[in-house]
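# Coordinates in review
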Amino acid sequence: MLYYNNRPVNPTRRRSLTERFFQWRTFKPDTQELREKIQADFESVKTETRSEKYFLIPGRRNVMPRIINDETFEVRSKINDNEPLELWERSISTSFPLKRTTSATIGSAIPRFRGSLNSVMTADTLSESLQRKSKYFEATKSREVLTNGKVTAEISEIEVDGQMQYSIALQSEDKEAMLNILKAYGLKPADNTNIADHLLTA
């Protein structure tokens, strides 16, 4: 590699770690038939129970920060509106303690959190700090993950504030595959509700 003033002339570009995917999710209570269809048509790949802590900002429902199992901090952002499918990107996914560069990235993406971050935060200290700047929800999620071709399904039971809620989600990087599944199962775009919207309106 060639250098000029101690800097690479043709620096290697870093591969973007941002992940984008289309998603449809419902919290309707009468989903037994849909659950049975998915379990018949999809292959089960994983079952687990995990804790999820959400730090939601009223007025910015398109941004969904959360801590999973006190191990991973993640930020998802919705980047479209008024579409049959929501397009999300996972812009941040990191373990603890936070790195200095990660803290700066989070503060840049979510200015409301900027003064609440530092590079030595654990899951507990980050949770305590962000709760003061957001609407906080703590959930226990039991979920089954299934796949069918390019589409992943999640069937979950989510306990929030002692109340059990049921959810089914479909997700894929392939929009056409998602639209085909929705059509085959007779699912309506109007029934699409993401977790942030559901928690803030429940």
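First, a word on scope: everything that follows refers to the structure included in this document. (Residues numbered from 1 in each chain as written. Predicted model: local features only at pLDDT ≥ 70, side-chain atom pairs only at ≥ 80, totals over all residues. Heavy atoms only, no water.)

## Let's talk about the pairing of strand β8 (residues 135–148)
Applied cut-off: Following DSSP output, two strands are said to pair if at least two bridges run between them. Here a strand is any run of E in DSSP of at least two residues, a helix any run of H or I of at least four, and the numbering for each starts at the N terminus.
Judged from the 13 bridges that link them, strand β4 (residues 43–56) and β8 form a sheet pairing that is antiparallel. Bridging from a neighbouring strand, Tyr54 pairs with Phe137 of β8. Note: β8 against strand β9 (residues 151–160), 10 bridges, orientation antiparallel. What sits directly across from Ala139, in β9, is Val160. Taking the residues between adjacent antiparallel strands as the criterion, β8 and β9 are bridged by two residues, where Gly149 takes a positive phi near 65 degrees.

## Considerations on the environment of Leu146
Rules: A simple rule labels every residue: compare its accessible area, found with a 1.4 Å probe on the protein chains alone, to the largest value its type can have, and call it buried under 20%, exposed over 50%, or partly exposed in between. Here, residues are in contact when the closest pair of their heavy atoms is within 4.5 Å.
When you line up the elements, Leu146 lands in strand β8. The class of Leu146 is buried, set by a relative accessible area of 1%. In this structure the C-alpha to C-alpha distance between Leu146 and Asn118, which are 28 residues apart in sequence, comes to 37 Å. Not counting residues within four places of it along the chain, the set of residues in contact with Leu146 comprises Ile38, Gln39, Phe42, Glu43, Ser44, Val45, Val151, Thr152, Ala153 and Ile155.

## Here's the deal with the pattern of salt bridges
The following threshold applies: The term salt bridge refers to a side-chain nitrogen of Lys or Arg lying within 4 Å of a carboxyl oxygen of Asp or Glu.
This structure, assessed with the given rule, holds 19 salt bridges. Here Glu89 makes a salt bridge to Arg20, at a shortest N to O gap of 3.1 Å. In this pair, Glu89 sits in strand β7 (residues 86–95) while Arg20 sits in strand β3 (residues 19–26), placing the two residues 69 residues apart along the sequence. The class of Glu89 is buried, set by a relative accessible area of 16%. Owing to a relative accessible area of 48%, Arg20 belongs among the partly exposed residues under this scheme. Glu48 is paired through a salt bridge with Arg50; the nearest N and O atoms lie 3.3 Å apart. The class for Glu48 is partly exposed, based on a relative accessible area of 24%.

## Some words on the nonpolar core
Where we set the bar: To qualify as a nonpolar core, a set must consist of buried Ala, Val, Leu, Ile, Met, Phe, Trp, Tyr and Cys residues joined through side-chain atoms within 4.5 Å.
Ranked by size, the top nonpolar core spans 19 residues in total, and within it Trp24, Ile38, Phe42 and Leu170 carry the most contacts. Elements that contribute at least two residues to this core include exactly β3, α1 (32–41), β9, β10 (163–172) and α4 (175–185). What Ile38 contacts, discounting residues up to four positions off in sequence, is Leu146, Ala153, Ile155, Ile168, Leu170 and Tyr185.

## Some points on unusual backbone geometry
Along the chain, Phe96 connects to Pro97 via a cis peptide bond; the corresponding omega equals -5 degrees. Along the polypeptide, Pro97 turns up in the loop between β7 and α2 (100–109). Although it is not a glycine, Asp70 adopts a positive phi angle of roughly 55 degrees. Here Asp70 shows up in the loop between β5 (63–68) and β6 (72–78). Phi angles above zero are rare outside glycine, and Asp161 is one such case at about 55 degrees.

## Comments concerning the sheet that holds β7
Applicable threshold: Here an angle of 0 to 180 degrees is reported between the N-to-C directions of two axes, which are lines fitted to C-alpha atoms, with helices fitted over the stretch in contact.
The antiparallel closed barrel is built from eight strands, whose spatial order is β3-β7-β6-β5-β4-β8-β9-β10. Neighbouring strand axes in the sheet, compared pairwise and without regard to direction, differ in orientation by 35 degrees on average. By the bridge criterion, six bridges tie β5 to β6 in an arrangement that is antiparallel. Across the sheet, the residue bridging to Arg66 is Glu74, located in β6. Helix-sheet contacts for α1 involve β3, β4, β8, β9 and β10, and the interaxial angle to β10 is about 45 degrees.

## Thoughts on helix α3 (residues 123–131)
Cut-off, in case you're wondering: Each direction from the helix axis to a C-beta atom contributes to the arc, which is the arc of those directions.
Among the residues of α3, those classed as buried are Ala123, Leu126, Ser127, Ser129 and Leu130. Along α3, the residues classed as buried sweep out an arc of 170 degrees about the axis, all on the same side. Residues of α3 that are exposed and point more than 90 degrees away from the buried face comprise Asp124 and Glu128. Its buried side turned inward, α3 meets β4, β5, β6 and β8.

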